[in-house]
Each structure stands twice: as structure tokens, then as C-alpha cells.
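Topology and contacts: notes
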Amino acid sequence: MAQELATQNVSVNAQLHSEIQLFYARQMQLLDAGDFDAWAMTFAVDGVFAANAYPAPVTGRDNIAAAAQEATVALAKQGLQRRHWLGMLSAESDGSIARVTCYALVIETPRGGVPSLRHSTVCTDELGRAGGEWVVRKRHVHRDDLT
Amino acid sequence: MAQELATQNVSVNAQLHSEIQLFYARQMQLLDAGDFDAWAMTFAVDGVFAANAYPAPVTGRDNIAAAAQEATVALAKQGLQRRHWLGMLSAESDGSIARVTCYALVIETPRGGVPSLRHSTVCTDELGRAGGEWVVRKRHVHRDDLT
Amino acid sequence: MAQELATQNVSVNAQLHSEIQLFYARQMQLLDAGDFDAWAMTFAVDGVFAANAYPAPVTGRDNIAAAAQEATVALAKQGLQRRHWLGMLSAESDGSIARVTCYALVIETPRGGVPSLRHSTVCTDELGRAGGEWVVRKRHVHRDDLT
């Protein structure tokens, strides 16, 4: 699909680049703070979350939010705080859709302990707009430790 | 306080976002390079540095610089080089004051050894302007390993 | 040399800042994905890559690409995926040349294992333009574990 639209997409300008970076910062802060209702709204209603660590993609905002909440609550019970860091972000956009490739790290800190790298991944997103805000339409997370 | 001003603050535009990112890059480079005089100037004269790792906030530019210098000199004597990384930065501003929430990592490398994550934190700043430059008026650093 | 040109250089504006960040994201993605032909083009034909970990600088695009390919292929044979993260980027530019100082982390993940920090470095670049794109003219990478 990226190829089909390649001729229409151009590298993002500074304003779009900034918007996308701020979108991700907010999205990750909401996830790590456990604000799942607000986090869910950063996905399209029919958003898709796929990963090489999942047996099948999770589809739909409600299912995506439920899966994240379940995982985060289980971690909290073990006294673990995760932080999701995104970086090395490249993006192309036609203005209404943005295709992003970035790196994402999961850093985990146990209460009273030292932080460690939990996952190193590559995240590939298709973003769209909903009500003036960016939302994730399709996400694919590829963990480096898995094929 | 963020709530009082919420109606005046808006998410930063690309130019402000860029300025704030460059401010943090310079501030952390100065700290890690041990340039405490220049680093001190990145805080307001009456700046406040609070942290859940401190018994009480450090107040005033001179005290903040002295505390950082003492800590860094002690690390250098042990052959440890720290690097402060900020990321996942979200910011709101009315143009003269900026309220920033970001993640901050402390990475430590011993001479002849391998780097490790020392601290994973959330940094909440109130920035102001002094002489055309951004300065920190209030900083709060919350380490993930501490409550 | 930075001193000679100091009066002409000014801190980058948002557009230049964005361009440089996107340049680095693409450059690191190409390197980590093993796309050495495209990666080579992110260096000037007569580019120089120096490091405190090297006995002597590597000069010329072809030699730089060959050295990177050799290192990456050796890692791949061991089942290791590296990710190069740049951050805390400060930059000055006169519009045609940009002088950048940033931090760079090398994160390494073995197949089936957990990621770890391999190197913490400071990267100092002189960028120029070639055919409308930024390229590295001179790079110096200083590993924190080495003097």
C-alpha cells in the first residue's frame, strides 16, 4: 500500500513533523500513565494493532484499549512501571494520511530497582485525522528479538 | 496551577516545539560536559529543582548549580560518564511560559565498561524566558523506582 | 574550524531542525536495515568518519560504506540486530553547512534475547548539501567508555 501511494507522499514539513512527534509523546504518556480511555481515542474506531509478538492483529479501538489495559494492570501488580520511547522517526504524508516508521523502546523499572531495556522494536504506523487530531489507523510493531 | 491556566495554554507550534527541544539538548549537553557555569544560566535566578529523590527542593540558580557540580564531580572521580536523555516531550504554552512533560533517562558508562540505564524518570518543567532564552523556572523529576 | 565560522552560524530554525532530524532518522534506519547502498549516499563522496574507537579515520563514501557493511554482516551472522538512536541534538547552521552535536546510543538485541545498551557516544557532524539532500561531510564519534 505504501508503494501504491508513493507518488503522492512527500517527506513531512516542520509543522507536520512537530504535530506527529507531539502526537506520539502524548499517546505514550497516556499509555504509561494508565489513562486508557484517553489513550483509546488516539486510535481510529476501526484501528488495527498488529505485531510479530501477537498471534493475530487486534482490531477496533475498544479491543486495542482492553488489551493494553489488561497488560498494564498485570505489570502494575508486579510493581513494574513501563515507559515507551519512540525515536528516529521518519514520515511521509499527503496531508491527510501519514506513514511513519520509527524505533520504539520499552523500558521497565521495578519499584526499588534499576530500569532495564525490555524490548527494542520498529513501529510502522498509518496515521489519519479524526476531529482535527491524528489517530492511528494501522500499527505494526516488530520486535527485534523475534523473527 | 496547570489547571488554572489551562484555558490560556495551547499545544506548541513547530517553532516553539523546536526551540524547546534545542533548549533541552543544550542544557543536557552542558550538564554532562561539566560546564556548570553555562548550565546554571539555563535556570531562572529563583529557579526551583524538586525531585521525589530529594528530601526538599533545591531553590535558586546558585544552589542548583552547586548541587549538580558536586554530584558530577563525585561521579567523575569514579570514572563514570553520565548522559541525560530527554524524550517523548509534550508541551503547552501561552508564548511566554511553557509547561513541559517529558521522559528523562540517565545513562551511565564506566571507563572501559558498558553503559547501563541508571534512572528512568518523568520530568515536569515550567519554562520562562530570560533575555530571549528559555530558562527553567520550576522542575520536578519523578524517578520511576521511587514512590 | 567551528570557531572560525562561529560568527556566521546561528541556531537552526524549526524547518532546518526538522530536516536534520529526518535526515538522521533515515540514515540510521538505512544502516540498521542493512541498506548500505542507500546509506552510503548519506555521506559526501569525500566524507570522513572518525572515532575514538578507530585507529585512523575512514575516508571516502565507498570506504565508509564498506566498513559499515563488514561490521553489520558480522553482527548479523551472530544473530544480533543493532539500532542506532540519536538524540539531544543541537545544531548551528549558515544554511548550507550545519554543525551538529548529538548523543548516539547503540542498542543490540540478540535473536530470542533481551536488548542491551552497547555503546553510549557523542556524535559531532559537519553536514553539507548535495543534490538538495543533507549529507555527512565529517563525522566524529566519541565513545564514553574510551578516552
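Look a little higher up for the structure.
A brief report on the enclosed structure follows. What you see as residue numbers is a count from 1 along each chain, following the sequence as written. Labels follow written order: the first chain is A, the first ligand is 1, and so on. Local features in this predicted model are restricted to residues whose pLDDT is 70 or higher, and side-chain atom pairs enter the listing and the counts only when it is 80 or higher, whereas totals over whole chains, interfaces and linings include all residues. The basis for the side-chain values is all heavy atoms of the structure; hydrogens and waters are excluded.

**A few points about the pairing of strand 2 (residues 43-51) of chain B**
Residue and element names in this part refer to chain B. Let me state the cut-off plainly: Strands are treated as partners if at least two bridges between them are detected by DSSP. Counting from the N terminus, the helices are the DSSP runs of H or I reaching at least four residues and the strands are the DSSP runs of E reaching at least two.
Here strand 2 pairs with strand 7 (residues 133-143) via five bridges, running parallel. Opposite Phe49, over in strand 7, you have Arg139 as the bridge partner. Bridge count between strand 2 and strand 3 (residues 58-59): two bridges; the pairing is antiparallel. Pairing of Phe49 across the sheet is with Val58, part of strand 3. Once strand 2 ends, the chain turns through six residues before running back antiparallel as strand 3.

**Some words on the sheet that holds strand 2 (residues 43-51) of chain C**
For clarity, the threshold we go by: Here, residues are in contact when the closest pair of their heavy atoms is within 4.5 Å. Axes here mean lines fitted to C-alpha atoms, for a helix over just the part in contact, with angles spanning 0 to 180 degrees between N-to-C directions.
Here we have seven strands laid out as an open sheet, ordered 1-4-5-6-7-2-3 (chain C), and mixed in their pairing. One side of each edge strand has no neighbouring strand; the edge strands of this open sheet are strand 1 (10-11) and strand 3 (58-59) of chain C. Pairing between strand 6 (residues 116-130) of chain C and strand 7 (residues 133-143) of chain C: 10 bridges, direction antiparallel. Counterpart to C:Gly128 in the pairing with strand 7 of chain C is C:Val135. On the sheet, helix 1 (residues 14-33) of chain B packs against strand 1, strand 4 (80-93) and strand 5 (98-110) of chain C and is oriented at approximately 100° with respect to strand 4 of chain C. Contacts from helix 3 (residues 61-77) of chain C reach strand 2, strand 3, strand 4 and strand 5 of chain C, with the element oriented near 55° to strand 2 of chain C.

**Brief notes about unusual backbone geometry**
At A:Met88, a position not held by glycine, the phi torsion is positive, near 50°. One can find A:Met88 in strand 4 (residues 80-93).

**What about the nonpolar core?**
One recurring pattern in soluble globular proteins: nonpolar side chains tend to sit buried together. As a reminder, the rule being used: Definition used in this section: a nonpolar core is a set of buried Ala, Val, Leu, Ile, Met, Phe, Trp, Tyr and Cys residues joined via side-chain atoms within 4.5 Å. Relative accessibility decides the category of a residue: with a 1.4 Å probe and only protein chains considered, values under 20% of the type maximum give buried, values over 50% give exposed, and everything between is partly exposed.
A:Ile20, B:Ile20 and C:Ile20 are the most contacted members of the largest nonpolar core, which totals 112 residues. Residues in contact with A:Ile20, not counting those within four places in the same chain, are A:Val12, A:Leu89, A:Ala91, A:Ala98, A:Val100, A:Leu127 and A:Trp134.

**Here we look at the interface of chain C and chain A**
Heads up, the condition is: By convention, the term buried area covers the 1.4 Å-probe accessible surface removed from two parts as they join, with the contributions of both added. When a carboxyl oxygen of Asp or Glu is within 4 Å of a side-chain nitrogen of Lys or Arg, the pair counts as a salt bridge. Polar contacts here mean pairs of N or O atoms no more than 3.5 Å apart (in protein, one a potential hydrogen donor and the other a potential acceptor; neighbouring residues in sequence count only if both atoms are side-chain atoms).
Contact residues are listed per partner, giving 24 residues for chain C and 26 residues for chain A. Together, C:Leu22, C:Gln29 and C:Trp85 form the three largest contributors to the area buried by chain C at its contact with chain A, with a combined 35%. The tally of links from chain C across to chain A stands at one salt bridge. A salt bridge links A:Asp144 to C:Arg83; the nearest nitrogen and oxygen atoms lie 2.7 Å apart. Where chain C touches chain A, the interface holds nine residue pairs in polar contact (both at pLDDT 80 or more). Of all elements in the fold, only helix 1 (14-33), strand 4, strand 5 and strand 6 of chain C reach the threshold of two or more residues within the side of chain C that touches chain A.

On their own, these measurements won't tell you what the molecule is for.
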